[in-house]
Every structure is written in structure tokens, then in C-alpha cells.
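Here is what each chain is made of, one letter per residue.
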Amino acid sequence: MMKRLVAWTAFLLCLLALPVAADDYQILEESTTRIGRFERTDAVVQVGDNPVNTFLMHRLVRRGGPYWTPPPRGILLLTGPLANPFVFWETTEDGRYGRSFAAYFARRGYEIWGYSPRGTLLEQGSCEAGLVDCSVMGDWGIQVMVEDLTFIRGEIEQVHPGRSPVIGGFSLGGAATIATINAHPDDYAGALILEGALYSEDPEVIALNQQHCATMEDFLAQGFLFDGQSLPLIGLTANLAATDPDGETPFPGFPPGTTNHQVLVFSLAVPSFTPLNQTPNFIRAAGDPLADVFFFSTDARLTAFLTIFNNYFDNRILRDLNCSFAGERTFTGNLANFTKPVFFMGGGQSFGPQNRDLAKILGSHQCTFVEIEEFGHGDHFFSADHRRFVERPIRRFLNRIDTW
């Protein structure tokens, strides 16, 4: 996977001089890989004339034989967390592809389509060094994700005319799912909103995000269009915790003797006041830094998933998240027209309460909730028992959808 991303990055840089019709979606390159009984097709898609406006589209199927693929039981369109490529859905703690979320459903007859967001192909430091024109990131945000997912929806229609996919995502992917069904309520058979939210009726949450919204709008006005530091830092923190857990942290600000693993627990288990956290008590994984332990998530799964981030995310994404929680209805004002089944997954120390608020403004009367009060943002997914908390409940939900 990494070799392919490096190759695509070189290909991306070579495209800088090529003319492309403005605002057109163009598939520039496709490649197909066999992974055991699975076949994955990856496409590089460029929008407009700036090659930074490039994302990846993926299709994963289970092959029945060398020249035959059975008709899919259903179709899933998936998008991952903030600045995560599609490999998020293929990652496991032990490297066994067949145990991944994507393989779990592909093995059971579902065709998986996926989205790796714009910025996935950017090398670390390329924006700061001026190797590519990253000013276009100022125009990104949730609306761009909606448009890209809508393009992929159109490609699904070309392959499977008349069949409606279930759209879904984790974290930011859940928020993008909400925004997409808001924009196109008749185009999907259902929605999987996994630890993602864009709406709250809690006055404390609204007030908090009014501050964050103003902060992010000020950042954008000052020309701070992207963040190229936070995600590599998260990956470094996870790597240090995995390779030298008892070593003293090199990061400043911690008491002498604080270990690399304690810093990881602290960064995920202690609430902080930043635009990345949209609720007052938001944590990513429940744990105790002093005891140096996670309560539910495993170190192996956390390490595997915290080291696959892209190098950049656009700050407009955070602006859209914060301003939506603050009361802006751009991405939620039409949800009354979405009447298909919805699956919600949320932790009590993350977006569980917001799931209930969002359900009130949906047109759907077929909402399924998986909530554990003690869980943080990632504990469902990063638990050793994730099959019980995530895949099996989703499978039962999909089995009840009769409008494929």
C-alpha cells in the first residue's frame, strides 16, 4: 500500500503542468490488486486543474472465481476519520487483512466502495516547501467531501444501475455521512453514523463550539489553511509508546519520569479544550495516565490505527464541524427528508448524546443505537472485542434493510 502511495505521489507531482478542465472530475489512473479472495480497485481522481485536488476512490469485492464475481448482497460506501485513507477500514492489529472491517463485510457478500480524501497523496512538508500549491485547501471542508462522495455514488450507479448503497463513516466520516444524506436524502438505502456528529441541543456544547467556530474562522481569515503538524505528531507519539513504552518522553511540559506510554494515555484519555474536541468531556479512549492503562482499547489496535494518518488536514474541516455544533444548519437543515434506516454508534464520553439529538431531526423512524456510557470516541472500534461492539451490530442492521 505504501509503495503505491509513493508512486502515486510521484505521479501527482508530474501532473502539475498538465491542463485539466476546471471543476471536472477525471479518473487519471486505475490499478487492481488481488488480496487472497478479494480484489481491490483503486482510482486516482482529480478535480479541476490543481493536482492537489486529488483523492482516491476504492472498490473492494470478493471474487467467486478467476472470471466471475457474484452479485453483491449490498453495497457500502465508506469514509474514514479525519485525514485517514481507505486503509483505515483494512487495518488490523496483527496485519491479517481478512480480519479487517472491510474484509469482514466483503467476505459476507457486500461490495465495499471507499474514499481516501483530498490530501492523501501529499508528502510531509510538501506544502510548506512550496512543492505544490496547497492554497486550494482553503476551499475544502465538509462540502468538498460531500461532492467527492457524490461522485463516487455516481460511479456506483454506473456499475450497479438502480441499486442504492448504504453510506457510512467513522468520526469525521460519520459527519460527512450526515452531510451527504442531508444533501441527497433519496440516494442511499441507509446510513452508518459511527462516532460522528454535526448537531447538538446541549447549550454547553453549543457555547463551546461557538468559541471554536470563531477561532477557526479567524485562523482561515489569517491564511492558516491547513495543519501539517498535528497528525505526524500523533503518529510519533503512538510509535514511541509502542517501541519504547517505558522510556522517558522527549515531549516538553510533562513531569520528569513521564513515560512515552503515559503520554499516549494522557493524550487520548484526558479532555482538552481544542477545536478538535467538540464536546466538553470528549475523550478518544478511556484510560488512566497515572495508572498507565487504557480501560477498553488495546495498545495494539491503537498503535495500528494511529500511525496511518495522512500528513495534512484542512482547517476548514474543523471550522465546519465547530460551526455546525454551534448552530449552523448548512449540513443538517434537510435531514427531515432522510427517511431510510440509520445506525448510530457513540460513546457516552464522545458523541452518544449527540446521536440522540440528531435522531430527533431525522425523517427516519428506523434508528438503531449502539452506545456504551463508559466508552470514549474510539473504544468501540479499538477494543479487542470490536466484533461484538461494531461489526456484528452493523451486520444485523444491514440484514434488516430491504431496499437495496
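Refer to the structure presented above.
Residues numbered from 1 in each chain as written. Predicted model: local features only at pLDDT ≥ 70, side-chain atom pairs only at ≥ 80, totals over all residues. Heavy atoms only, no water.

Attention shifts here to the sheet that holds strand S6 (residues 166–170). Pairing in this open sheet of nine strands is mixed, and the strands run S1-S2-S3-S5-S4-S6-S7-S12-S13 from one edge to the other. In this open sheet, the two strands that pair with only one neighbour each are strand S1 (25–35) and strand S13 (367–372). Adjacent strand axes in the sheet meet at a mean angle of 15° when their direction is disregarded. Pairing geometry for strand S3 (residues 54–62) and strand S5 (residues 110–116), over five bridges, is antiparallel. In the sheet register, Leu 56 faces S5, and the bridge partner there is Ser 116. Its contacts with the sheet put helix H3 (residues 142–159) on S1, strand S2 (38–47), S3, strand S4 (74–79), S5 and S6, and the angle it makes with S5 is roughly 150°. Along the sheet face, helix H12 (residues 386–399) touches S4, S5, S6, strand S7 (190–194), strand S12 (342–347) and S13 and points at about 160° away from the line of S12. (Pairing = 2+ DSSP bridges. Helix = DSSP H or I, 4+ residues; strand = E, 2+ residues; numbered from the N terminus. Axes fitted to C-alpha atoms, helices over the stretch in contact; angles between N-to-C directions. Contact = heavy atoms within 4.5 Å.)

Let's shift gears to the packing of aromatic side chains. In this structure the tally under the stated criterion is 30 aromatic pairs. Their ring planes at 75° and their centres at 6.1 Å tell us that Trp 89 and Phe 381 sit as a pair that is edge-to-face. In this pair, Trp 89 sits in the loop between S4 and helix H2 (101–107) while Phe 381 sits in helix H11 (residues 379–382), placing the two residues 292 residues apart along the sequence. Neither residue differs from the other here; Trp 89 and Phe 381 are each classed as buried. Look at Phe 282 and Phe 351: their rings are 5.3 Å apart centre to centre, the planes differ by 55°, and that puts the pair in the tilted class. (Phe/Tyr/Trp six-rings, centres within 6.5 Å; stacked < 30°, edge-to-face > 60°. Buried < 20%, exposed > 50% of the residue type's maximum accessible area, 1.4 Å probe, protein only.)

The contact between helix H5 (residues 203–221) and helix H9 (residues 315–325) brings their axes to 7 Å, and the two run at 150°. It follows that H5 is roughly antiparallel to H9 by the angle criterion. Here the hand of the crossing between H5 and H9 comes out left-handed. Contacts between H5 and H9 pair Val 205, Ile 206, Asn 209, His 212, Cys 213, Met 216, Glu 217, Phe 219 and Leu 220 from the former with Asn 315, Arg 316, Leu 318, Arg 319, Asn 322, Cys 323 and Phe 325 from the latter. Classifying every residue of the contact of H5 with H9 by side-chain character gives nine nonpolar, four polar and three charged. (Parallel < 35°, antiparallel > 145°, perpendicular 65-115°, else oblique. Left-handed = near helix turned anticlockwise from the far one by under 90°. Nonpolar A, V, L, I, M, F, W, Y, C, P; charged D, E, K, R; others polar.)

What follows deals with the state of the cysteines. This structure, assessed with the given rule, holds two disulfides. Between Cys 127 and Cys 134 runs a disulfide, and the two sulfur atoms are separated by 2.0 Å. Given an S-S torsion of about -75°, the disulfide between Cys 127 and Cys 134 has left-handed geometry. Like Cys 127, the residue Cys 134 is buried in the burial classification. (Disulfide = S-S within 2.5 Å.)

Turning next to the pattern of salt bridges. Here the structure, examined in full by the defined rule, presents 17 salt bridges. A salt bridge links Arg 99 to Asp 94, with the shortest nitrogen-to-oxygen separation between them at 3.6 Å. Classification of Arg 99 as partly exposed rests on a relative accessible area of 40%. Across the salt bridge formed by Glu 328 and Arg 319, the nearest N and O atoms sit 2.8 Å from each other. Overall, Arg 319 belongs to the buried group, its relative accessible area being 11%. Here the salt bridges share partners, and the residues they tie into one network are Glu 217, Arg 319, Asp 320 and Glu 328. (Salt bridge = Lys/Arg side-chain N within 4 Å of Asp/Glu carboxyl O.)

Before going further, it helps to examine the nonpolar core. Residues Trp 89, Phe 105, Ile 112, Phe 381, Ile 394 and Leu 398 are the most contacted members of the largest nonpolar core, which totals 49 residues. Among the elements that take part in this core, H2 stands out by supplying six residues, more than any other. Excluding residues that lie within four positions of it along the chain, Trp 89 makes contacts with Leu 78, Thr 79, Gly 80, Ser 100, Phe 101, Ala 102, Gly 169, Phe 170, Leu 194 and Phe 381. In terms of nonpolar packing, the next biggest core, distinct from the first, is built from 45 residues, Ala 43, Leu 149, Phe 313 and Leu 321 among them. (Core = buried A, V, L, I, M, F, W, Y, C linked by side-chain atoms within 4.5 Å.)

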